[in-house]
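# Inside the fold
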Amino acid sequence: LLVASIVRKDDNHIHFSAREEGFLEYFKGSTKKIIHYENKSGNDAAIEKEVTALLQKEPGIEGIFVTNGISKIAGAISKLPAAAYKLIGYDLTDENIFFLEKGIIQFLISQQPDKQAYQGIKLFYEYLILKQPVEKSYYMPLDIVTKSNLKYYQ
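Summarised in this report is the structure supplied together with it. Because the structure is predicted, anything quoted here is derived from the model rather than measured. All residue numbers here refer to positions counted from 1 along the written sequence of the relevant chain. Local features in this predicted model are restricted to residues of pLDDT 70 or higher, and side-chain atom pairs are both shown and tallied only at a pLDDT of 80 or more, whereas totals for entire chains, interfaces and linings draw on every residue. Processing note: side-chain calculations cover all non-hydrogen atoms of the structure and skip hydrogens and water entirely.

## Points about unusual backbone geometry
For clarity, the threshold we go by: Only DSSP runs of H or I reaching four residues or more are called helices, and only runs of E reaching two or more are called strands; each is numbered from the N terminus. Whether a residue is buried, partly exposed or exposed follows from its accessible area with a 1.4 Å probe, protein chains only, as a fraction of its type maximum: under 20%, in between, or over 50%, in that order.
Of note in the backbone geometry, Asp91 takes a positive phi value of approximately 85° without being a glycine. Summarising the element assignment, Asp91 is placed in the loop between strand S4 (86–90) and helix H4 (94–102). The exposure class of Asp91 is partly exposed, given its relative accessible area of 34%. One non-glycine residue with positive phi stands out, namely Lys131, at about 60°. Inspection of the secondary structure puts Lys131 in the loop between helix H5 (113–128) and strand S6 (143–145).

Printed below as a string of structure tokens:
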């Protein structure tokens, strides 16, 4: 398995690290080989070159989990001959949906950012204005979007 991350200067590194930690926790104790890839430039040509070289060097990779920047990884994979990787990542952006519809990305995890923003403002209001105590953690649902349920989700 490949765990990939496209990290830019202004990104929320803690958030992406938490995604990776959760993924790795699931495979704890597994015999699966986990390979890490990180790119800090965000440069499409560099990512394509690096990912292509990595996949050639490690031909046993079956799945790729992308903490952020999945469209850049999908773009690189789409240029490979007969690529059959299970590609999983986050966010229902137009670019990601394009690759999902083409079958390059198999799963997109939607964190429902509109609901997260609403809940954040609501909790802020309850705490600051109403002076109500708030829970230390608040769990939000995640949706797994595939090519077959994309139209329903949208």
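## Overview of the sheet that holds S6
Convention followed: The rule for pairing is simple: two strands pair if DSSP sees at least two bridges between them. Note on definitions: angles span 0 to 180 degrees between N-to-C directions of axes, and those axes are lines fitted to C-alpha atoms, for helices only across the stretch in contact. What makes two residues a contact is simply this: any of their non-hydrogen atoms within 4.5 Å.
Judged by pairing direction, the sheet is mixed, and its six strands sit side by side in the order S2-S1-S3-S4-S5-S6 without closing on themselves. Edge positions in the sheet fall to strand S2 (35–39) and S6, since each of these pairs with one other strand and no more. Taken pair by pair, the neighbouring strands of this sheet meet at an average axis angle of 20°, ignoring direction. Alignment of strand S1 (residues 2–6) against strand S3 (residues 63–66), held across three bridges, turns out to be parallel. Bridge pairing links Leu2 to Ile64 in S3. Against the sheet, helix H3 (residues 70–78) touches S1, S2, S3, S4 and strand S5 (107–110), its axis set at about 160° to S4. Strands S4, S5 and S6 of the sheet are contacted by H4, whose axis makes an angle of about 145° with S5.

## Let's talk about the side chain of Ser5
Our working rule: Polar contacts, as counted here, are pairs of nitrogen or oxygen atoms within 3.5 Å of one another; within protein the pair requires one atom able to donate a hydrogen and one able to accept it, and residues that are adjacent in sequence qualify only if both atoms are side-chain atoms.
Inspection of the secondary structure puts Ser5 in strand S1. Note on Ser5: relative accessible area 7%, which makes it buried. Within the local environment of Ser5, its side chain forms a polar contact with the side chain of Thr67, the two groups lying 2.7 Å apart.

## Topic: the environment of Asn39
Residue position: Asn39 is located in strand S2. Asn39 gets classed as buried once you look at its relative accessible area, which sits at 4%. Here the alpha-carbon distance between Asn39 and Lys115, two residues 76 residues apart in the chain, equals 30 Å. The residues contacting Asn39, other than those within four sequence positions of it, are Ser5, Ile6, Val7, Ala46, Ile47 and Glu50.

## Looking at the nonpolar core
In a soluble, globular protein the nonpolar side chains are often hidden away together inside. Counted only if it meets this: Here, nonpolar core means buried Ala, Val, Leu, Ile, Met, Phe, Trp, Tyr and Cys residues that are tied together by side-chain atoms lying within 4.5 Å of each other.
Grouped together as the largest cluster of nonpolar side chains are 27 residues, with contacts concentrated most on Leu2, Tyr37, Leu55, Ile64, Ile73, Leu87 and Ile105. Counting only elements with at least two residues in this core, the list comes to S1, S2, helix H2 (44–57), S3, H3 and H4. Take this core: its biggest share by element is five residues, from H3. Among all residues touching Ile73, those that are not within four sequence positions of it are Ala4, Ile6, Tyr37, Ile47, Val51, Ile64, Val66 and Leu87.

## Observations concerning the pattern of salt bridges
We apply this condition: Should a side-chain nitrogen of Lys or Arg be within 4 Å of a carboxyl oxygen of Asp or Glu, the pair is scored as a salt bridge.
Enumeration over the complete set of coordinates arrives at six salt bridges. Ionic pairing is found between Asp44 and Lys72, a salt bridge with its closest N-O pair at 2.6 Å. Here Lys72 lies in helix H3 and Asp44 lies in helix H2, a separation of 28 residues in the sequence. With a relative accessible area of 48%, Asp44 lands in the partly exposed category.

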